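Residue-level structure breakdown
Spelled out from the first residue to the last, the chains are:
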Amino acid sequence: MDEIDEWADYGLDTRSVRAGQKRTNEGENAEPIFVTSSFTFSDAAQAAARFAEEEDGNIYSRFTNPTVRTFEERLAAMEGGERGIGTSSGMAAILTLCLGTLRAGDHVVSSRSIFGSTRMLFNKFLTRFGIEFTYVSPTDIDQWQDAVRGDTKMLFVETPANPLTEITDLAAIVELARQRGLMSVVDNCFSTPVSQRPLEHGVDVVIHSATKYLDGQGRCVGGAIIGSERLLGEDVYGVLRNGGTTMSPFNAWVFLKGLETLGIRMQAVSERAQQVAQWLAGQPGVERVYYPGLPDHPQYTLGRRQQSLSGGIVSFEVQGGRRAAWRLIDATRFISITANLGDTKTTITHPATTTHGKWTPEERAEAGIGDGLVRVSVGLENVEDIIDDLRLNEI
Ligand SMILES: *Cc1c(COP(=O)(O)O)cnc(C)c1O
């Protein structure tokens, strides 16, 4: 079985373990890593046919590589997409998609609650090529409607968003995109296909930072784009092939192994994060907890509708601003102080001075990222130990 369609009848866990694998004549059980930059041809005529795209097959690992293809097909089968493209990072996925689908004079409406580097890429670099961006609230669909112009081409969403876990209504985004003939894009990093499959809601393209939950053990940087062959097959793939935003085969193999345990990991981190969030909500030094699994989350009902899990990211605002937030972070014993997330190791960060440190104070204020905000990516340690490590001694 090698076609993505053939996996449609299987459950998600089965796809995560099995989809995309094509055994070689050696009969290996685990997927091999094809560490080769180029591929040989049987004769000059075959080389010519491959370059002329008259014959399918590998040429060079910047274009295609069997280990990378296995990852692409497996993730595409999990997201329910026709085509997957592996990239060198999550940011490379966003860059490759934008270069492949937008041109000078195009306009993008984006949620203002997006990953820090995504916003930098949009504002500092893509604007140089004549692409314009308007930022709107992730939760107020009227703002999206009002921001759409005649030259708008793309709607860009991250849900749940980093770091405050705001949830955008995918059905409403899809409806707006269809009405106005726009491409809808969802960064599905926080949910993963285990919890949310935007393509099933009618979204056009899903973006991943494979660095996070898909790897799941904090080892490699990578990304992916998933969507229809029509949208991705020509220009988006063309940017990868000619621009070289390619995933390495070794990293693809690590991500394949990560995908095989994604279902049970997402379940386990969601259970632990729920307990951490509930505990934090009862702490006197905590002003506010942001977690989609808490009934007082502003989009709690929407979250129940479009996600099957609440995820592993818990953010909270402590009393006392930056000083108190840093004190809490510094008082942890085993939790890793790092901006990465989606690891088996619980990680902690202060968004205002790390991931969102390059935003202007106005941008941060508008996005609700306060100086007392702390973001925790709950891992797989015993939850009692995680809670103990976060205990707010003096705060
Ligand atoms: C990390 C991240 C990215 C960027 O991915 P890299 O692999 O670091 O390039 C994009 N979006 C979200 C939501 C992320 O968390």
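This text goes with the structure placed above it.
Here we summarise the structure given alongside this text.

**Some words on the site of the ligand**
Residues in contact with the ligand, as listed here, are Ser 89, Gly 90, Met 91, Phe 115, Glu 158, Asp 187, Cys 189, Ser 209, Thr 211, Lys 212 and Gly 222. At 2.9 Å, a backbone N or O of Gly 90 approaches an oxygen atom of the ligand. Interatomic distance of 2.7 Å between a side-chain N/O atom of Lys 212 and an oxygen atom of the ligand. Alone, the ligand offers 380 Å² of accessible surface; in the complex the protein occludes 92% of this. In the shell around the ligand, the residues fall into three nonpolar, five polar and three charged.

**Focus on the side chain of Glu 79**
When you line up the elements, Glu 79 lands in helix H3 (residues 66-79). In this structure, Glu 79 is buried with no salt-bridge partner, the nearest side chain bearing the opposite charge being Arg 197 at 6.4 Å. Here His 208 takes part through its side chain, which lies 2.7 Å from a polar atom of the side chain of Glu 79. Among all residues touching Glu 79, those that are not within four sequence positions of it are Asn 188, Thr 192, Pro 193, Gln 196, Arg 197, Pro 198, Leu 199, Val 206, His 208 and Ile 226.

**Here we look at unusual backbone geometry**
For the bond from Thr 159 to Pro 160, the omega torsion is -5°, close enough to zero to count as cis. Tracing the backbone through its elements, the reader meets Pro 160 in the loop between strand E4 (152-158) and helix H7 (170-180). Cis geometry is found at the peptide bond from Asn 162 to Pro 163, where omega equals -5°. Summarising the element assignment, Pro 163 is placed in the loop between E4 and H7. Unusually for a residue other than glycine, Glu 53 sits at a positive phi of about 60°.

**Structural notes on the sheet that holds strand E7 (residues 223-227)**
Spatially, the seven strands line up as an open sheet ordered E1-E7-E6-E5-E4-E2-E3, and their pairing is mixed. If you trace the sheet from one side to the other, it starts and ends with strand E1 (83-87) and strand E3 (132-136), each paired once. Adjacent strand axes in the sheet meet at a mean angle of 20°, parallel and antiparallel pairs treated alike. When strand E2 (residues 107-111) meets E4, the two strands line up parallel, connected through four bridges. Each bridged residue has a counterpart across the sheet, and for Val 108 the counterpart in E4 is Met 154. Its contacts with the sheet put helix H4 (residues 90-101) on E1, E4, strand E5 (183-187), strand E6 (205-209) and E7, and the angle it makes with E6 is roughly 150°. Here helix H10 (residues 235-243) sits on the sheet and contacts E1 and E7; the angle it forms with E1, its principal contact strand, is near 25°.

**Focus on the sheet that holds strand E12 (residues 373-377)**
One open sheet holds the five strands; their spatial order is E8-E9-E12-E11-E10, and the pairing between them is mixed. The sheet terminates laterally at strand E8 (286-290) and strand E10 (336-337), the two strands that pair on one side only. Sheet strands touched by helix H14 (residues 321-331): strand E9 (313-318), E10, strand E11 (347-349) and E12. Its angle to E9, the strand with the most contacts, is close to 130°.

**Quick look at the side chain of Ser 315**
By the secondary structure assignment, Ser 315 is in strand E9. Apart from the residues lying within four places of it in its own chain, the contact partners of Ser 315 are Pro 163, Arg 288, Val 289, Tyr 290, Leu 373, Val 374 and Arg 375.

**Looking at the packing of aromatic side chains**
Remark: the centre distance and the inter-plane angle together describe each pair of aromatic rings, the angle taken between the planes. Considering all chains together, one arrives at seven aromatic pairs under this definition. With a centroid separation of 5.7 Å and an interplanar angle of 45°, the aromatic rings of Phe 71 and Phe 255 are classed as tilted. With Phe 71 in helix H3 and Phe 255 in helix H11 (residues 249-260), this pair connects stretches of sequence that are 184 residues apart. Each member of the pair, Phe 71 together with Phe 255, is buried. Between the aromatic rings of Phe 122 and Phe 133, the centroid separation amounts to 4.4 Å while the plane-to-plane angle is 15°, which identifies the pairing as stacked. Separated by 11 residues along the polypeptide, Phe 122 in helix H5 (residues 116-125) and Phe 133 in strand E3 bring together distant segments of the chain.

Quick notes on the rules
Residues numbered from 1 in each chain as written. Predicted model: local features only at pLDDT ≥ 70, side-chain atom pairs only at ≥ 80, totals over all residues. Heavy atoms only, no water. Near = heavy atom within 4 Å. Polar contact = N/O pair within 3.5 Å; in protein donor to acceptor, adjacent residues only side chain to side chain. Areas by Shrake-Rupley, 256 points an atom, 1.4 Å probe, with all protein chains shown as cover. Nonpolar A, V, L, I, M, F, W, Y, C, P; charged D, E, K, R; others polar. Helix = DSSP H or I, 4+ residues; strand = E, 2+ residues; numbered from the N terminus. Buried < 20%, exposed > 50% of the residue type's maximum accessible area, 1.4 Å probe, protein only. Lys, Arg positive; Asp, Glu negative; His and termini not counted. Salt bridge = Lys/Arg side-chain N within 4 Å of Asp/Glu carboxyl O. Contact = heavy atoms within 4.5 Å. Pairing = 2+ DSSP bridges. Axes fitted to C-alpha atoms, helices over the stretch in contact; angles between N-to-C directions. Phe/Tyr/Trp six-rings, centres within 6.5 Å; stacked < 30°, edge-to-face > 60°.

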